[in-house]
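Each chain, letter by letter, is given below.
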Amino acid sequence: MATNASPLHPYWPRHLKLDNFVPNDCPTWYLLAGLFSISGLLVVTTWLLSSHAAIIPLGTWRRLSLCWFAVCGFIHMVIEGWFSLYHKDLLGDKAILSQLWKEYARGDSRYILNDTFMICMETITAFLWGPLSIWAVVTFLRQQPLRFVLQLVISIGQIYGDLLYFLTEYRDGFQHGELGHPLYFWFYFVFLNALWLVIPGILVLDSVMQLTHAQSQLDAKATKAKRKQN
């Protein structure tokens, strides 16, 4: 009598055949605790650094934005950089970052399917937005004129990539994860990625306001100088 064998993996769609899949030996709580502990340590370190290393005192909002860019630099360059370099080996690999990606892929299996969009998007994120995020921290600490331009460029890039991430999965019918699952869908797929829409959106508005103000002052000075010449 024929029977339907259950897939030997936790990913969606359930009919996926993943012959080289090796289950994680690290529990979910361990992987998430490690990720959020390192991120928290970076926030605390950057917060303290922004108080002692800044040329001029920075306000609370500005210091929090530097903490954000520091965490972005870590996630983009280290975690997403790992995916960019080793995406072909994730399924069978037991390195801690590979296990982290296999855990996240329970909310979006495109990460273990060598999806072309994911590889391209994550490579750009890792090798462009990651280093630029660290540079942004430095420019704000040193009060360099380029700081709000960097903030604007990085934030727009993050929003653009995140929108494509959501829209491509929407177009695929949300088939790469268990729709509605509290952890894998709502937390992994929706909440964690929505952060890169909300926070960069706020930073885009902040950049526009700062750059508009700077341009207004420059225009006012130019107008004043021209009046004096006349």
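Presented here is a report on the structure given in the accompanying data block. Bear in mind that the values here come from a model prediction, so they are computed numbers and not experimental data. (Residues numbered from 1 in each chain as written. Predicted model: local features only at pLDDT ≥ 70, side-chain atom pairs only at ≥ 80, totals over all residues. Heavy atoms only, no water.)

Moving on, we get to a nonpolar patch on the surface. Together, Met77, Val78, Ile134, Trp135, Val138, Leu146, Val149, Val153 and Leu211 make up an exposed nonpolar region whose accessible area comes to about 660 Å². Contributions of two or more residues to the nonpolar patch are made by helix H2 (60-86), helix H4 (116-141) and helix H5 (147-171). Residue contributions to the nonpolar patch peak at three residues, all from H4. Here Val149 is to be found in helix H5. (Patch = residues over 30% accessible without salt bridge, like charges linked within 9 Å, V, L, I, M, F, W, Y side chains within 5 Å. Areas by Shrake-Rupley, 256 points an atom, 1.4 Å probe, with all protein chains shown as cover. Salt bridge = Lys/Arg side-chain N within 4 Å of Asp/Glu carboxyl O. Helix = DSSP H or I, 4+ residues; strand = E, 2+ residues; numbered from the N terminus.)

Position of Asp162 relative to the elements: it lies in helix H5. Put simply, Asp162 is tucked away with no salt bridge, and the nearest opposite charge, on Arg110, sits 8.6 Å away. With residues near it in sequence (within four places) discarded, Asp162 still touches Asn193, Ala194, Trp196 and Leu197. (Buried < 20%, exposed > 50% of the residue type's maximum accessible area, 1.4 Å probe, protein only. Lys, Arg positive; Asp, Glu negative; His and termini not counted. Contact = heavy atoms within 4.5 Å.)

Counted by the stated rule, this structure contains zero disulfides. Among the cysteines around Cys72, which has no disulfide bond, Cys67 carries the closest sulfur, lying 11 Å off. (Disulfide = S-S within 2.5 Å.)

Turning our attention to the packing of aromatic side chains. On inspection of all chains with the given rule, the structure shows 24 aromatic pairs. Here the aromatic rings of Phe140 and Phe148 are separated by 5.2 Å at their centres, their planes lie at 90 degrees, and the arrangement is edge-to-face. Each member of the pair, Phe140 as well as Phe148, is classed as buried. Geometrically, the ring pair formed by Phe174 and Phe189 is edge-to-face, given 6.1 Å between the ring centres and 90 degrees between the ring planes. One end of the pair, Phe174, is in the loop between H5 and helix H6 (182-229); the other, Phe189, is in helix H6, with 15 residues separating them in the sequence. (Phe/Tyr/Trp six-rings, centres within 6.5 Å; stacked < 30°, edge-to-face > 60°.)

Quick look at the environment of Arg147 now. Looking at where Arg147 falls in the secondary structure, it is placed in helix H5. Separated by 10 residues in sequence, Arg147 and Val137 place their C-alpha atoms 8.4 Å apart. With residues up to four places along the chain from it excluded, the contact list for Arg147 reads Thr139 and Phe140. Within polar-contact distance, the side chain of Arg147 engages the side chain of Gln143 at 3.2 Å. (Polar contact = N/O pair within 3.5 Å; in protein donor to acceptor, adjacent residues only side chain to side chain.)

The next point concerns the nonpolar core. With 49 residues, the main nonpolar core has Tyr11, Ile79, Tyr111 and Tyr165 as its most contacted residues. Contributions of two or more residues to this core are made by helix H1 (28-52), H2, helix H3 (96-104), H4, H5 and H6. Non-local contacts of Tyr165, meaning those with residues more than four positions away in its chain, are made with Tyr104, Asp108, Arg110, Tyr111, Phe117, Met118, Met121, Phe189 and Asn193. (Core = buried A, V, L, I, M, F, W, Y, C linked by side-chain atoms within 4.5 Å.)

These figures come from the coordinates and say nothing about function on their own.
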